[in-house]
Amino acid sequence: MDPVLCRWLRGSNFNRSLLLLSAWSLRAASQPCTEAIDAARNHLAVQDYAPALKLIEKCRASDPFHPAASVLHGNLLYLLGRDGEAMESLEQTIRREPEHWEARYALGRIYYFNQRPDPAADQFEAIVATHPDNYRAWDNLGLAREAGGRIREAIQAYLRAIALTKNKNQDYDWAHANLAELLMRENEVRQSFNLAVEAAERNPRSARNFYLAGKALFRLGQLEKCPKWLERSAELDPDYPEPWYLLGQVYRRLNREAEAEKARQRFLALKAKAPEKKR
């Protein structure tokens, strides 16, 4: 039971039976939430968002301040494209519980998606101030700072995330890939390639990691080495347009014209049906 409520009840004129009834009601309210959250997460795993949201809203009707339900509520609204409602829901949670870092993380991601990099950075900075070992927050802080044009600070955040995953959580590849992409834009191509390769070693199922390595090799002029990386990227994610575009460029420069044209057509077909931004 909430300790504040418990003290209030003990200090009131409620008799013992009513006190016991109140405690039972609070416990009973939490059980439907536990079941609803488990069921909602099952729906979430198969991207069935609307039923998941209904379950969480039912939970919140009985327990409005349930911590896990509050974060799920915001995330599900976001996944359904209701970004304004998602931000409002999570902002309310943070006003009520400023130390709720999971809510801050979710809100920061939604701010970032909606091209609000400075408010996003504020959320991730608040997380790492109290949870300095949260490598995911450092990584996302890098993204937010980068989007806000704070390149040097973004690199520092990515490097902090990479350092935190050196000996633990070694399957986490996002910080390496994000920094590789940033350094590519900053013309630090050799370092970008090395980071992309490490990202691919950490997560050999990521099409993006192989694409970044192939792109770096293309920028370095090592055309003969590009197809291995780019073809693997296309194999890992058949709906990913970018490797096909670059493969077309590589094949053409290697005088493999028929393959270049097939790659170009594949790129155009995939690009036409790809969403502008992935949630």
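Summary of the structure given here. (Residues numbered from 1 in each chain as written. Predicted model: local features only at pLDDT ≥ 70, side-chain atom pairs only at ≥ 80, totals over all residues. Heavy atoms only, no water.)

What follows is about the side chain of S70. With respect to the helices and strands, the residue S70 is situated in helix α4 (residues 67-79). Given a relative accessible area of 0%, S70 falls into the buried group. If sequence neighbours within four positions are ignored, S70 has contacts with R60, P64, F65, S89, L90, T93 and R96. (Helix = DSSP H or I, 4+ residues; strand = E, 2+ residues; numbered from the N terminus. Buried < 20%, exposed > 50% of the residue type's maximum accessible area, 1.4 Å probe, protein only. Contact = heavy atoms within 4.5 Å.)

Even without glycine at this site, Q47 takes up a positive phi of about 60°. By the element assignment, Q47 lies in the loop between α2 (16-45) and α3 (49-62). With a phi angle near 60°, Q115 is a residue other than glycine that sits in the positive phi range. You can see Q115 is positioned in the loop between α6 (101-113) and α7 (117-130).

Looking now at the state of the cysteines. The full count for this structure, using the stated rule, is one disulfide. Covalent S-S linkage joins C33 and C59, the inter-sulfur distance amounting to 2.0 Å. Negative torsions about the S-S bond denote left-handed disulfides, and the value of about 95° found for C33 with C59 makes this one right-handed. With C33 in helix α2 and C59 in helix α3, this residue pair connects regions lying 26 residues apart in the sequence. By relative accessible area, which is 2% here, C59 ends up buried. (Disulfide = S-S within 2.5 Å.)

The subject of this paragraph is the pattern of salt bridges. Overall, the coordinates contain 14 salt bridges when judged by the stated rule. Across the salt bridge formed by R232 and E235, the nearest N and O atoms sit 3.0 Å from each other. Taken together, the residues R232 and E235, both in helix α13 (residues 226-236) and three residues apart, mark about one turn of the helix. The network of salt bridges with shared partners includes E125, R145, R150 and E153. (Salt bridge = Lys/Arg side-chain N within 4 Å of Asp/Glu carboxyl O.)

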